[in-house]
Amino acid sequence: MPVRGVVSLGSGTEAVTRRGQASRIRDIGALERVGLVVLLLLLSTSLVAPWFVVDPVIPVAPPFQAPSLQHVLGTDDVGQDVFSRVIFGLRTSWLSAAAVIASAIVIGGAIGLVAGARGGWVDALLMRLTDTFLALPGPVLAIAVAATLGASLRNTVIGIAVVWWPWYARLVRGEVRALAARPHVDAARLSGVSAPRLVLRHLLPGALPPVIVTASLDIQILVLTLAGLSFIGLGAPPPAPELGAMAARGADYLFASPWIPLAPGCAVFILAVAANLAGDGVRDLFDRS
Amino acid sequence: MLRFLAVRALGALGVLVALVTAVFVLQTAVPGDPVRASVGLNASDEVVAQERERLGLDKPLPTQYVGYLGQAVQGSFGESLRTGRDVRDDIGAFLPATIELAGFSILLAGAGGLLIGILAVVSSRFAAPARVLFVGGASVPSFLLALILIYVFYFKLSWLPLSGRTNLDSAPEGPTGLLLVDSLLHVRLDVFVDALRHLILPATALALVPAVAIGRVLRSSLIEVYRADYIRTLHAKGLTPRAVLWKHALRNALSAPLTMAGLQLGLLLGGVVIVEAIFAWPGIGLYLNQSIQFGDLRAIAGVTLVVGAGYVFVNTLVDLAQAAADPRIRL
């Protein structure tokens, strides 16, 4: 899990005014394009496949069957189909990551927007709060929140979202501050645009490109973080198909039936690599420098 | 410098108070009744009330908060609902193993990151493998790496032990609790080697991701430094590339990777919970894991406070070290 830095794309305004020419698929490198395609494939198959694969939570065959044509990734200790569980797990994995990102953008975005647009003591107070969160070890705090609220997928998402929003608050606040000093905002203000409209129409859109880039780079880290928390029992209770929990329970059978813990682990790895490359691709798309 | 020191220390103190507050709020916001859960669901109301009074949970929240803050300052986090001991004593028993593991891992990550970062810049042959490592290495979940390492180096090759800190019963205890250090102090080379062999797999599982992150940052800051005029001057006056790298470029490129190492420590401490569980490493990660299974909120809170404080402390030190090394870094 790489530590997340604040993405800088130059000034946000340029990204907006040049959006027409900036979004070219040609700007994306070959490897990144592969990543995007693989990611989209993973996302779409994991959405559609549940209708085609066998039920992931009932025994469908004898336990501990090695991978075969019938069960591509074998069966686990109770005879559930590992491939089917991995597919369902992938879906849970990226949907949860999306949920964390969405809540982080909403909370962090709102705080950053208010801080950046209002300035003064509101800004100082909100940013002090944000910095305090950033100074704490995120994963440990997320574990504490999720564990205290009680093990469930929802609480794990809440726990991670609690430590994730500050990045977006900083990002949006910085962009908004930079934009607020630009002439087009002065012009809008002088022509009598109301404050909410000024914020929503003239400041917010400029902050969007870096938020999109950060969000796409975040998917990888979130997929890994969620899998880690699920591994230590912070997630949906068994037999729900979650990649981390599957690997944790399967670890007991590592020597005799290695596919049981390794298949879900490798699924996390592939999803994370694809998300990493795709994130780089999205950055290339917006980054003109 | 003194002003910088004072402001940074004050900032760290503020963060710590915020941490204690957050942990306290978290414990009171929890759904359900932890006291009833601990004495048993069949206990009578009087028993629950007595237990509540004994634990001080019947007082108004502000009073509880002040009490908790005061306790935390003295390093006490209340009684564990699972072990019945003060959480502080539990943590004290488990902490040295984690310090040894996390410390060894971050050193390993630093060395690995240094190697990767330098190779990626100076060797053209290493550019492609470095790229793969930067993308792939950062995407390996620590539990997958741990399981693969165990499968290969314990199960297939039988080179390294599976779990725990040592197989030797006669391992010296104290004074530091770090087996590597204690064995040297007692001049027990057999214990030292055994402890080292036990450390390698879990530390590697923890170190890969931070090593890649540090290597990545070092690579970009080295490239930046190599663009500077003074590097060209050094080359022009006839210094060997090796001297330019080790005597001049590397030193100026180390600031960002050092910051990264400090930040990575936070992630590493999260990974400790996973890796310690896999390797049955008797540290606070394992303790936290057991506390989570049991729903022992005070233990969870205590571990969070200790780990959080350690993290803030280390990162403040990193800041100060950088300010000392680079006079441009001031408030």
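Just above sits the structure.
Below is a summary of the structure that appears in this document.

## Re the overall build of chain A
At step 1: From N to C terminus, chain A includes 11 helices and zero strands.
At step 2: N-terminal to C-terminal, the α/β element order of chain A is α-α-α-α-α-α-α-α-α-α-α.
At step 3: Considering only C-alpha atoms, chain A reaches an extent of 75 × 45 × 30 Å along its principal axes.
At step 4: Looking at chain A as a whole, 52% of its 289 residues are labelled buried.
At step 5: Counting only contacts in chain A whose residues sit at least 6 apart along the sequence, the fraction spanning at least 24 positions is 73%.
At step 6: Carbon and sulfur atoms make up 67% of the accessible area of chain A, which totals about 12400 Å².
At step 7: Computed over 21 positive and 17 negative side-chain charges, the inter-centroid distance for chain A is 12 Å.

## Notes on the pattern of salt bridges
At step 1: Taken as a whole and assessed by the stated rule, the structure comprises 14 salt bridges over all chains.
At step 2: One salt bridge connects Asp131(A) with Arg170(A), and the closest N-O pair in it is separated by 2.9 Å. In this pair, Asp131(A) is assigned in helix H5 (residues 120-134) and Arg170(A) in helix H7 (residues 153-180), connecting sequence segments 39 residues apart.
At step 3: Taking relative accessible area as the criterion, Asp131(A) reaches 28% and is therefore assigned partly exposed.
At step 4: According to the relative accessible area criterion, Arg170(A) is partly exposed, its value standing at 33%.
At step 5: One salt bridge in this structure joins Asp90(B) and Arg85(B), with 2.6 Å as the shortest N-O distance.

## Topic: the interface of chain A and chain B
At step 1: Each partner contributes residues to the interface: chain A has 42 residues there, and chain B has 48 residues.
At step 2: Counting the surface lost from both chain A and chain B, the interface buries some 3800 Å², and carbon and sulfur atoms represent 81% of this.
At step 3: Inspection of the chain A/chain B interface yields one salt bridge.
At step 4: We note a salt bridge from Glu32(A) to Arg131(B), for which the minimum N-O separation is 3.0 Å.
At step 5: Applying the counting rule to chain A against chain B returns four residue pairs in polar contact (both at pLDDT 80 or more).

## Let's talk about empty space enclosed by the protein
Residue and element names in this part refer to chain A.
At step 1: Counted according to the given criterion, the structure contains five cavities of 30 Å³ or more.
At step 2: One number sums up the size of the second largest cavity: a volume of about 100 Å³.
At step 3: Lining the second largest cavity are 14 residues, and of these Ser 93, Leu 226, Ala 227, Ser 230 and Glu 242 sit closest to its centre.
At step 4: The greatest single-element share of the lining of the second largest cavity, amounting to four residues, is contributed by helix H4 (residues 82-118).
At step 5: Tallied by class, the residues present in the lining of the second largest cavity amount to five nonpolar, eight polar and one charged.

## Concerning helix H7 (residues 142-156) of chain B
At step 1: Here H7(B) spans 20 Å end to end across 15 residues, near enough to the 21 Å set by a 1.5 Å rise per residue.
At step 2: The complete set of buried residues in H7(B) reads Ser142(B), Phe143(B), Leu144(B), Leu145(B), Ala146(B), Leu147(B), Leu149(B), Ile150(B) and Tyr151(B).
At step 3: Looking at the packing, one finds that the buried side of H7(B) touches helix H9 (195-231), helix H10 (243-250) and helix H11 (259-286) of chain A together with helix H9 (189-226) and helix H12 (255-278) of chain B.
At step 4: Of the residues flanking the end of H7(B), it is Ser158(B), one or two places downstream, whose phi is positive at about 55°.

## Here's the deal with the packing of aromatic side chains
At step 1: In the structure shown here, the tally under the stated rule is 10 aromatic pairs over all chains.
At step 2: Plain terms: the ring middles of Phe231(A) and Phe143(B) are 4.8 Å apart, the flat faces sit at 15° to each other, and that makes the pair stacked. Separated into two different chains, Phe231(A) in helix H9 and Phe143(B) in helix H7 make up a pair that spans both. Comparing Phe231(A) with Phe143(B), the two get one shared label, buried.
At step 3: When the centroid spacing of 5.1 Å and the interplanar angle of 25° are considered together, the rings of Phe94(B) and Tyr287(B) count as stacked. Residue Phe94(B) is found in helix H5 (residues 87-122), and its partner Tyr287(B) is found in helix H13 (residues 284-294); the two are separated by 193 residues along the sequence.
At step 4: By relative accessible area, Tyr287(B) is classed as buried at 1%.
At step 5: Pairwise contacts between aromatic rings join Phe255(A), Tyr151(B), Tyr154(B) and Phe155(B) into one cluster.

## So, unusual backbone geometry
Residue and element names in this part refer to chain A.
At step 1: Each neighbour pair has its own omega, and for Pro 238 with Pro 239 the value is 10°, a cis peptide bond.
At step 2: As for its position among the elements, Pro 239 is in the loop between H9 and H10.
At step 3: One non-glycine residue, Phe 64, adopts positive backbone phi at about 60°.
At step 4: Tracing the chain through its elements places Phe 64 in the loop between helix H3 (30-48) and H4.

## Thoughts on a nonpolar patch on the surface
At step 1: A surface patch of nonpolar side chains, amounting to about 600 Å² of accessible area, comprises Leu47(A), Val48(A), Trp51(A), Phe52(A) and Leu95(A).
At step 2: Position of Leu95(A) among the secondary structure elements: in helix H4.

## Here we look at the environment of Leu254(A)
At step 1: Note that Leu254(A) resides in the loop between H10 and H11.
At step 2: With 168 residues separating them along the chain, Leu254(A) and Val86(A) place their C-alpha atoms 17 Å apart.
At step 3: Leave out the neighbours within four places in its chain, and Leu254(A) touches Pro261(A), Leu262(A), Leu147(B), Ile150(B) and Tyr151(B).

## Quick word on the nonpolar core
At step 1: Trp164(A), Phe143(B) and Ile278(B) are the most contacted members of the largest nonpolar core, which has 130 residues in total.
At step 2: Among the elements that take part in this core, H9(A) stands out by supplying 14 residues, more than any other.
At step 3: In contact with Phe143(B), not counting residues within four places along its chain, are Ala227(A), Gly228(A), Phe231(A), Gly244(A), Ala247(A), Gly265(A), Val268(A), Ile274(B) and Ile278(B).
At step 4: If you look at the next biggest cluster of nonpolar residues, it comprises 11 residues, including Ile118(B), Leu245(B), Ala249(B) and Ala253(B).

## Overview of the packing of H4(A) against H7(A)
When two helices pack together, their arrangement is given by the angle between their axes and by how far apart the axes lie.
Residues and elements named next belong to chain A.
At step 1: Interaxial distance between H4 and H7 falls to 5 Å at its minimum, and their mutual angle equals 40°. Looking at the two axes, H4 sits oblique to H7. Along this stretch, H4 crosses H7, giving a crossing that reads as right-handed.
At step 2: Considered class by class, the residues forming the contact of H4 with H7 number 20 nonpolar, seven polar and two charged.

## Description of the side chain of Asp123(A)
At step 1: Within the secondary structure layout, Asp123(A) lies in helix H5.
At step 2: Not counting residues up to four positions away in its chain, the partners in contact with Asp123(A) are Ala115(A), Gly116(A), Arg173(A) and Arg177(A).

## A closer look at H5(A)
At step 1: For H5(A), with 15 residues, the first-to-last C-alpha span of 21 Å sits near the 21 Å given by 1.5 Å per residue.
At step 2: Buried within H5(A) we find Val122(A), Asp123(A), Leu126(A), Met127(A), Thr130(A) and Thr132(A).

## Things to note about the packing of H12(B) against helix H14 (residues 297-325) of chain B
All names here are of chain B.
At step 1: Two numbers describe how H12 lies on H14: the axes approach to 10 Å, and their chain directions differ by 175°. Taken together, the axes of H12 and H14 lie roughly antiparallel to each other. From H12, Ser 255, Leu 258, Thr 259, Gly 262, Leu 263, Leu 265, Gly 266 and Leu 269 reach across to H14, where they touch Val 307, Tyr 311, Val 314, Asn 315, Val 318 and Gln 322.
At step 2: The residue makeup of the contact of H12 with H14, split by class, is eight nonpolar, six polar and no charged.

Procedures and definitions
- Residues numbered from 1 in each chain as written.
- Chains lettered and ligands numbered in written order.
- Predicted model: local features only at pLDDT ≥ 70, side-chain atom pairs only at ≥ 80, totals over all residues.
- Heavy atoms only, no water.
- Helix = DSSP H or I, 4+ residues; strand = E, 2+ residues; numbered from the N terminus.
- Buried < 20%, exposed > 50% of the residue type's maximum accessible area, 1.4 Å probe, protein only.
- Contact = heavy atoms within 4.5 Å.
- Areas by Shrake-Rupley, 256 points an atom, 1.4 Å probe, with all protein chains shown as cover.
- Lys, Arg positive; Asp, Glu negative; His and termini not counted.
- Charge placed at Lys NZ, Arg CZ, Asp CG, Glu CD.
- Salt bridge = Lys/Arg side-chain N within 4 Å of Asp/Glu carboxyl O.
- Buried area = accessible area lost by both parts, 1.4 Å probe.
- Polar contact = N/O pair within 3.5 Å; in protein donor to acceptor, adjacent residues only side chain to side chain.
- 1 Å grid on protein atoms, 1.4 Å probe; cavity = no way out; pocket = protein on both sides within 12 Å on 5 of 7 lines; lining within 4 Å.
- Points joined across faces, edges and corners; volume = space filled by probe spheres on them.
- Nonpolar A, V, L, I, M, F, W, Y, C, P; charged D, E, K, R; others polar.
- Expected span 1.5 Å × (residues − 1).
- Phe/Tyr/Trp six-rings, centres within 6.5 Å; stacked < 30°, edge-to-face > 60°.
- Patch = residues over 30% accessible without salt bridge, like charges linked within 9 Å, V, L, I, M, F, W, Y side chains within 5 Å.
- Core = buried A, V, L, I, M, F, W, Y, C linked by side-chain atoms within 4.5 Å.
- Axes fitted to C-alpha atoms, helices over the stretch in contact; angles between N-to-C directions.
- Parallel < 35°, antiparallel > 145°, perpendicular 65-115°, else oblique.
- Left-handed = near helix turned anticlockwise from the far one by under 90°.

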